[in-house]
Amino acid sequence: MTIHKEGYRIIPVVFLITAVLGICFWLVFPGFRLWHILVYLSLFLFFCWTLWFFRSPERTIVHDDSSILSPADGKVVVVEETTEEEFFHKPMLKVSIFMSPFNVHLNRNPVSGKILYYRYHPGRYLVAWHPKSSTLNERTSIAYEMATGKSLMVRQVAGLVARRIVCYNREQQWVSQGAEMGFIKFGSRLDVYMPTESRIRVQVGDKVKGGTDLIANI
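Calculation notes
Residues numbered from 1 in each chain as written. Predicted model: local features only at pLDDT ≥ 70, side-chain atom pairs only at ≥ 80, totals over all residues. Heavy atoms only, no water. Phe/Tyr/Trp six-rings, centres within 6.5 Å; stacked < 30°, edge-to-face > 60°. Buried < 20%, exposed > 50% of the residue type's maximum accessible area, 1.4 Å probe, protein only. Helix = DSSP H or I, 4+ residues; strand = E, 2+ residues; numbered from the N terminus. Pairing = 2+ DSSP bridges. Axes fitted to C-alpha atoms, helices over the stretch in contact; angles between N-to-C directions. Expected span 1.5 Å × (residues − 1). Arc of directions from axis to C-beta. Contact = heavy atoms within 4.5 Å. Salt bridge = Lys/Arg side-chain N within 4 Å of Asp/Glu carboxyl O.

Caption draft 1: Region of the structure containing the packing of aromatic side chains. Counted by the stated rule, this structure contains 13 aromatic pairs. Plain terms: the ring middles of Phe 29 and Trp 35 are 5.7 Å apart, the flat faces sit at 70° to each other, and that makes the pair edge-to-face. With relative accessibility at 40%, the residue Phe 29 sits in the partly exposed group. Of the residues examined, Trp 35 reaches a relative accessible area of 40% and is grouped as partly exposed. With a centroid separation of 5.6 Å and an interplanar angle of 10°, the aromatic rings of Phe 54 and Phe 183 are classed as stacked. Pair noted here: Phe 54 is in the loop between helix H2 (34-53) and strand E1 (67-69) and Phe 183 is in strand E10 (residues 180-184), with a separation of 129 residues, a long-range link. The exposure class of Phe 54 is buried, given its relative accessible area of 0%.

In structure tokens:
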């Protein structure tokens, strides 16, 4: 299992904390009864979950300028037509993907193209599936222009638990479909705004994988 670079600093800290807690517990409550085992097992499982959270599975990316790939692993929670009011200021189709703490949290570029727009917005921490989380929560907005001239936006949205959004894209940069776009730590969602002529290939409730599953065609 490959560990993503975003975990390189957090994993040693979590290991140190769990080790210290285990030692302190042994000093205060010496013994080896069932409830002792449960405490040590809980600390061990928490550390293992941290390792698992920062996993970075290999994905085979099939590049296609007519396809919009899922930017994240998770569950489709919204499919609708709405108005994107931050950059494009026009009606667009929106697909929202919720990432639970058990999903891979590496985000990927849904298309290849030039980054037209990048903005980080501080904000609140409503639960990620809240209807207003896309506009009130901490978030990062990234607009892409494809070689075909079509444009779309991806918005990384922090949730109740997520407290740090990482985005690697910057304005005027050319990025490749399926390449790493960023990382959101500990539960969140991604919104994808697409041209209204796009053909949506998912529906609410579908589970998707970043960089491999198709969410729409342009």
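Additional details are given in the paragraphs that follow.
Caption draft 2: How the structure looks around the sheet that holds E10. Reading across the sheet, the three strands line up as E4-E10-E8 and stay open at both edges, with antiparallel pairing between neighbours. Taken across any chain shown, the strands that pair with only one partner, and hence form the sheet edges, are strand E4 (106-108) and strand E8 (165-167). Looking at each pair of strands side by side, their axes are set apart by 20° on average, direction ignored. Examined bridge by bridge, E8 and E10 share three bridges and lie antiparallel to one another. Paired with Ile 165 across the two strands is Ile 184, which belongs to E10.

Caption draft 3: The arrangement of helix H1 (residues 10-28) in detail. A rise of 1.5 Å per residue sets the reference length of H1, with its 19 residues, at 27 Å; its end C-alpha atoms lie 27 Å apart and thus fit the reference within 8%. Of all the residues in H1, the buried ones are Ile 11, Val 14, Thr 18, Gly 22 and Phe 25. Buried residues of H1, viewed axially, fall in a sector of 65°; they line one side. Summarising the geometry of H1, the exposed residues directed more than 90 degrees from the buried face are Leu 16, Ile 23, Leu 27 and Val 28. Those residues of H1 that are buried are in contact with H2.

Caption draft 4: Representation of the pattern of salt bridges in the model. One pass over the full model with this rule turns up six salt bridges. Close ionic contact of Arg 59 with Asp 73 constitutes a salt bridge, the shortest N to O distance being 2.8 Å. A residue pair is termed long-range when its members are at least 10 positions apart, and Arg 59 in the loop between H2 and E1 and Asp 73 in the loop between E1 and strand E2 (74-84) qualify at 14 residues. Here Glu 197 ties to Lys 150 by a salt bridge, and the two come within 2.6 Å at their closest N and O atoms. Residue Glu 197 is found in the loop between strand E11 (188-194) and strand E12 (199-200), and its partner Lys 150 is found in the loop between strand E6 (139-145) and strand E7 (151-158); the two are separated by 47 residues along the sequence. Lys 150 sits in the partly exposed class, given a relative accessible area of 31%. Connected through shared salt-bridge partners, Glu 84, Glu 86 and Arg 155 make up one network.

Caption draft 5: Fine view of the pairing of E11. The buried fraction of E11 is high, at seven of seven residues. Residues Ser 188, Leu 190, Val 192 and Met 194 point to one face of E11 and Arg 189, Asp 191 and Tyr 193 to the other, with burial holding for every one of them. Here strand E3 (residues 90-99) runs beside E11; their pairing, made up of seven bridges, is antiparallel. Across the sheet, the residue bridging to Val 95 is Val 192, located in E11. Pairing of E7 with E11, which is carried by six bridges, proceeds in the antiparallel orientation. Note on E11: the bridge partner recorded for Arg 155 is Asp 191.

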